[in-house]
Every structure is written in structure tokens, then in C-alpha cells.
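Reading the structure
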Amino acid sequence: MTRLSVAGLVKRYGGLVAVNGVSFELNGGEILGLIGPNGSGKSTVMKLIMGIERPTAGSVNLDGIEMANWPSHRVARQGVGIVFQHSRPLHRQTVLENIKLALLPDSLLKLIADPHVDRRAREIAASVGLSHVIDRRPGTLPFADLRRMELAKAIARDPRVVLVDEPFAGLTPAEVATFSELIRGFRNDGRAVLLVDHNVKSVAALVDRVLAMYLGERIAEGSADEVMRNETVRRVYLGGSIETAARPESTFEDADTPLLQVDKVSVLYGKAQALQGVDIHVHEGEFVSVVGLNGAGKTTLFNAISGLVPHSGAIRWRGSALQGKTPASIARGGIVQVPEGRELFPDMTVRENLDLGGNHLQAKEAATQLDWLFDLFPILKSRQTQIARTLSGGEQQMLTIARALMMKPKLLILDEPTLGLAPVILEQLSKALEKLRQTTPITVLLGEQNVTFALPHADRVYVLEHARIVWQGPPDRFAAEAGTGYL
Amino acid sequence: MRNIFRSRLFWIALIGSIVALLLPLKVSGYILGLLTVAYYFGVFSMAWDLLFGFAGEVNFGPTFLIGLGAYTAGILNGYGVPVYPCIAAGAVMAVIGGVVLALPALRLRGPYFGLTTLVAVLIMMNLIVVFAGFTGGEIGLTVPDVLSVDTDTNYYIALIFMIVSGIILYALSRSPVGLILQASGQDPIEAGALGFNVTKHKLTAFVISAFFSGLAGALLVFYMGTASVGTLVSISVGVQVIIAAVLGGRRTIIGAAIGAIFLIAAGEALRPFGELSTFIVSAIALIVILVVPSGLLGILIRGEEHA
């Protein structure tokens, strides 16, 4: 029987259509995987169901009751629960008290909790394997136990529909197995489960059905196998047939001491392993792509190179260690990172943003550099006096890259430049990168989850998965050798 | 309940209260007078801590609520209304004013709630000056009646009021409602997804905070016999209330009272330093906030939380 029915769901943020007419049905005792790359709108769908965001149009129906436009506390009381990927538990309370919180009624008059609350909270803690830490504070727990606590809170609400955001992010394989069992437990209890994740592979063993999204729309639906075989899905994830123009590694002159050498670098964020023993190197003049899904560790790797996060292992630049250098001195040494969030000065004009980038250059040198950049990105020339905030997403991305190039970097690090951009913009950006590669001796390290964008320019490709490098090679061998792991 | 006798906080509060109850046997009327004011400030700070420490909302204008209570009570008394109805009216008015302010302000995110409360104080200060005929304007409002002419009686009224308020606010903060309030303050999205109406809980916290602020403000007027912008409403009074709560230890309720008493006692003890005394008190406050973010009470009960 259909439990949750979503029909024609639309969400617009200003001009951006994040979700465009998504419909699906979910039965009790069924697990549906909602997958899509970054920016595909899958998380927005989850928020729309939970009432965290209000839909622009469409219907969300739970057992015959229309819930679209309800605030989230009403949706929750109607029987929808959510397991957040990142939550902020009550740090001054124990695990038991955190679970008890989820058992409390939304009443202003409950000054003393009912006695059954304590017993029930202990039962739930036992069922997810938290009994041994029940009196500890969340801050002292390992990451997996924090995730268990989030599951426990969801169970406490006894929801008919459970939404789980990236169920396995940051977990070890053994923990993934335990969590899969717990999520199957939801199904066995007759609950409807919606798993939101980046790719089919991570949830394939668990789901009954998969719905794949791309750019706000449904592109495929069916069993995990069917979706993985689907042509559109393969094109989105693997980039279909791509023309590559890789130069063999032996053609670079600095074969012995690469320009950048990252040696067994590991990063811990609190308890989550963000990078584990990563080895990569980049030659002078080379274009290297690091491909990986959201959360694989790309940004962490770049931040480690730029000196923004503490790490173990060694990073060498032209043969000398970067360890202990400040981010500013690393940047002055020629490593310039274009961050994922763009981070322009939004209330300055295009020209002012560029001038700030070229601040350290002599006036004449800056003028030359600016001319060259306007040649590379003609659109910016015509937009010089426009306020950066009012540019489109693609233009902003070009401006960010141009601003970084004003600093005359030796190594340009681009972190996920395609995030949230429409396909037509991708093409413009792609052309600009190609021109950059062909007309200048610049070295580029590109982090991407959009394979279509990452492969054509690359000389070499690394695949980063769950904090580790799992494959490296030339781009033309990617689909055959690493593609299946990427779906 | 059985845990309460093992809690260091309970014994600190109990011993402190007994010492305070016995003080009139020992110390001069002058000091009792100072402490009387300190106790009312203690209630201001505790009420503020409920909102900041638990609901996570920074109210930069605690004096808006205090002033509403104080001026409502004082003005009504000028028209011949007896003292106790005036005090009740003051508390009610603070609650009404609090709701009128909080309903739109709580819809705002981030720092805008705090800014709204700050603007409310500025508007109130202006209105008091503009309607000087009713409010006494810049000179201040003189009220005909007082709570009592006896120093000891005034002292005990303030002390017992502070103890009772402290017990109520502390119990509330430790109740299931307090737990929901903390969750709403820390992660409103998750609190909503757990089925809690975040706005309702925060509004309730604001109402309770307003009630105690208004009540304490009204009582203070009938202790001092006057109300003026400088002593009850100005921004610097509000800052003192906030510093007391943070200094004493945020999210502890009781710490806020300790902080308020400490500030007034320290100001007095350092009086021989003249102009420097304010500077020294501020410097101590700054050092405590920087070095021990959990505040004075945090130092006293350190270690217990991790036991």
C-alpha cells in the first residue's frame, strides 16, 4: 500500500529551479534510494518532504493526508522522521537524555517526564547498540556512535516514514554493515524508508528501488541494477563518450622531483577520517583531475595542500616541505586555490574583484595580466562595472578563476568549479579551461565530481573515494577501469 | 531527586542562601541596601540567562522588559493604585510588551533578533523622554509608595524573591520543557524535525523571561522609590545584566545571580580606587569571560559535569 506519495514537486530559489516536477511513491516496508550528484536536488526533495523548506508547487501526501506547506514539527508529528547527516546534539546532556528528548511531547506543561520515557529511551539505546555509552556525553563518543544516536532519536519518534541523509558517510566498512542492518530493521518494522545518497553503489545492497535525479529532474527509476545500466545515468556519472587529449606523463620534464608531491597525507576531523594516506603528484605544466563524490575528501586534500588544515604525512613543493608554512606564505609561493564556495567580494564590481587579485603586481604587469584575462574570459570584459553579486553562477565562477589567475599562480587549484551550474555554462567554462591549458604553461589541479567536465582536459586522473585514492591513470581508461565504482 | 543532594550546585546554593538569610545580624544597613539592589539584578540576569543560555537567543535589551515593568508600576502608583496591584500590572505589562516584541522578532534569523531588542530599548528611552509628563522624563519618576521603610524587611523581600525566582527558573531549565528549549536553541531545524514547535517554545521562554524581569523591575521601583532611565532602562544597565549572566556562568541560571551580586559587591569593595574601580571590575569580568568561558559557577562546579 502506498504510504508516502510525492507528486509534481517543484522548488524554485529565485531563478534557480532546484527541483522540477519530481513524483514518486513509497510503500510501507520498502526502501527507496534517492540518488543524484551534487546539486541534483535530492537533498532539497528530502527537505521539502520534511517541511524544512516549503515547496513552490506539488503535493506531499502521507497515508491520504496532504502535508505540502506544513511546518516541519507538524510533518514530524504526522509520522515522518529524519536522520540528519550532521546534527548538533545536546552536548551538556548524556546520550540517554538526548534520546529522551525525542520521546517528549511538544507540550509546555510537561515539567516532569513520564516514567515510561526513561525505560523506553533505554530500550531504544539498547536496540541500536548504545547501552554501554548511555551515560556519556556526545562529545566523548566516536563518530559511529553519534550516528547511532541520531538513528535512536528517529526510532524514538516511531515514524511511519524515515528519511536518511547519506546513511554511510564517514563510516568504516564494518560500521556500514551494522548500519545497513539497523536500516533493514526499519523496513522489517513496516516503515517506509527513503535513503538519500550520491551514488547507487553505496546503497545498492540495501534498497528495493532507486530513483536517480539530475539537475532537479528524475532521470531514471527502477532496481539498483536497472538504474546502473541506464544510459542517462551512465552519461551523467561517467560522461558517456569523452574525447580526451592527455599528454603522457613521461613528456613532463620534472619526472624526478614533481612540482607538487603529496606523500601519505592523512587528515582527521575530530573523529571522522577525512583523508587517509593519500599520495598524489603533479608535474609542472600538467593538468591533473581528482575525481570523487561529495564527501570523498577532495576539498580536504586541497585545504591540506594550501596549509588550511593540519595533516600528517608530507607535502613537498618543488622538492621542499610545506609543513609548518602559513597559508599566506604557501599562496605567495605560487599555490592558489579557488575554493568551492567561490567567495567573491559580492558587493564589489567585477573590475574591483580582479584588481584585488592583482594587488601585489606592478601597475603595468597588472594591466597586461588583465588584458590576457579579458581575452580568456571575454564576458568579464563587458561586465567590468557590474556588481559581482548580480552575475550569474557561471559568470561568478569565471570571475573567481580570473581573480585567482591575477595572482599569477604556478599551480591553480580548482575545487568543484561546476557546482550548481547549468549545462550550457559548463560548456563555456570548459572552453575557457581548454584555452587556458593550450595557451599557457600553467599547472592545474582540478577537483570534480562531474566526470564530463573533469576528464576532457586532464592529463592524468586520480579517483578519491572514502578518503583514499583508489585509482589513478589516464582519462581514456577511466570509464573502463574506475567507472563501475563511480556509479 | 536523590541526585540533588549529591550535586555541588545544590550545596553551593543552599549555603549561599543561609549565609544571605543570616547577614542582617552582622552587616550594616548600607551593605544590606546594596545587596537588596544586587538581588533584583540577580533576577534580571537569571531571566536573561533563560533566554540566552537555553533558548539561544541573545536579548540585547533586557532593560526593555525591566523598564516596562518598572514604569508601568510606578506610573499607576502615581494615580493612587496600591503597591501590590501595581507590581502585578508591571509584570503583566512586561509580558504583553515581550510578546509584542518577540512575535515578529523571533521570525528573524541570526543576529537580527538581538538587534531588534536593542532598538526596542532605544525607542523606550525616547518615549520616556518625550512623554515626560507621565514618566518624569530625564529627571526620573518619583513614586508615592514604598515596599517598606525598614531596611531588613526590604532586604528579605528581595532575597526571598530572588531565591524563589531562582528555584522556579532553575527547575524549569532542568525540566523536559528546558530540554526542548535547549534543543530549539542549538539546532532549530532538528528540533522541528523531532516534532517540536520551535517558535512556540522560544516565545514561551521570552514570556517567562519577561515576567520575571518585569516583576523584578516593579519591585525595584518600590524599593528605591524612584525610576529613571539611567538606573533602569539605559543600555549600560542592560550591558551590566548581560555581563553578570556571562560572568557568573551561562546556561546555569544560578550563576547569573552570583555574577550580579559579584559585580555590585566588587564595585563597592573597589570604591576606594575611585574612577578606577569601574575599570578594574570590567577588567576582571573580561578576564573571567576570556579564561573561564563557563564563568564563576563553572569554576566552582568544575569536574562534576564530567564525573
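Here the residue numbering is sequential within each chain, running from 1 through the sequence in written order. Note on labels: chains are lettered from A, ligands numbered from 1, in written order. Restriction of local features to residues with pLDDT of at least 70 applies here, the model being predicted, together with a cutoff of 80 or more for giving and counting side-chain atom pairs; totals for whole chains, interfaces and linings are based on all residues.

1. Thoughts on the overall build of chain A
Threshold: Secondary structure is summarised from DSSP: a helix means a run of H or I of at least four residues, a strand means a run of E of at least two, and numbering begins at the N terminus for each. In this description the radius of gyration comes from C-alpha coordinates, and the expected globular size is given by 2.2 Å times residues to the power 0.38. Residues are treated as contacting if the C-beta atoms built from their backbones sit within 7 Å of each other.
Summing up its helical and strand segments, chain A has 19 helices and 20 strands in all. Relative to the globule expectation of 23 Å for 487 residues, the C-alpha radius of gyration of chain A, 24 Å, shows essentially globular dimensions. Pairs at least 24 apart in sequence give 68% of the contacts found in chain A among residues at least 6 apart.

2. Let's talk about the domain arrangement of chain A
All names here are of chain A. What counts is decided by this rule: Residue ranges assigned to the domains are those given by an automatic or database domain assignment.
Taken domain by domain, chain A consists of domain 1 (2-238) and domain 2 (249-486). When each unit is reduced to the centre of its C-alpha atoms, the spacing between domain 1 and domain 2 is 34 Å. Each side of the interface is counted separately: domain 1 has 12 residues, and domain 2 has 14 residues.

3. Digging into the interface of chain A and chain B
Applied cut-off: Charged means Asp, Glu, Lys or Arg here, nonpolar means Ala, Val, Leu, Ile, Met, Phe, Trp, Tyr, Cys or Pro, and polar covers whatever is left, Gly included.
Across the boundary between the two partners, chain A contributes 24 residues, which contact 18 residues of chain B. Those elements that place two or more of their residues in the side of chain A that touches chain B are helix 2 (72-78) and helix 3 (95-103) of chain A. Looking at which element gives the most residues to the side of chain A that touches chain B, the answer is helix 2 of chain A, with four residues. When its residues are assigned to classes, the side of chain A that touches chain B shows 14 nonpolar, three polar and seven charged.

4. A few points about the sheet that holds strand 8 (residues 192-197) of chain A
Residues and elements named next belong to chain A. What counts is decided by this rule: Note on pairing: two strands pair once DSSP finds at least 2 bridges between them. Where helices are involved, their axes are fitted lines through C-alpha atoms of the stretch in contact, as for all axes, and angles between N-to-C directions lie from 0 to 180°.
Strand order in the open sheet formed by six strands is 6-7-8-3-9-10, with mixed pairing between adjacent strands. The two strands at the open ends of the sheet, each matched to only one other strand, are strand 6 (80-83) and strand 10 (217-222). Across the sheet, the mean angle separating the axes of adjacent strands is 20° when strand polarity is ignored. Judged from the five bridges that link them, strand 3 (residues 31-35) and strand 8 form a sheet pairing that is parallel. Across the sheet, the residue bridging to Ile 31 is Val 193, located in strand 8. Contacting strand 3, strand 6, strand 7 (161-165), strand 8 and strand 9 (209-214), helix 1 (residues 42-50) runs over the sheet at an angle of about 145° to strand 7. The strands that helix 5 (residues 143-156) touches are strand 6 and strand 7; relative to strand 6, the one it contacts most, it runs at about 175°.

5. Thoughts on the sheet that holds strand 11 (residues 260-269) of chain A
Residues and elements named next belong to chain A. Read from one edge of the open sheet, four strands run 12-11-14-15, paired in antiparallel fashion. Each end of this open sheet is capped by a strand with a single partner; those strands are strand 12 (272-282) and strand 15 (320-321). Pairing of strand 11 with strand 14 (residues 312-317) involves five bridges; the strand directions are antiparallel. Opposite Val 262, over in strand 14, you have Ile 315 as the bridge partner. Those strands touched by helix 10 (residues 298-305) are strand 11, strand 12 and strand 14, and its axis lies near 65° from that of strand 12.

6. Some points on the confidence of the model for chain B
Put simply, the rule reads: For every residue, the predictor assigns a confidence score, pLDDT, that lies between 0 and 100.
Across chain B, the average pLDDT comes to 89, with 96% of residues at 70 or higher. In the predicted assembly, ipTM is 0.83 and pTM is 0.76.

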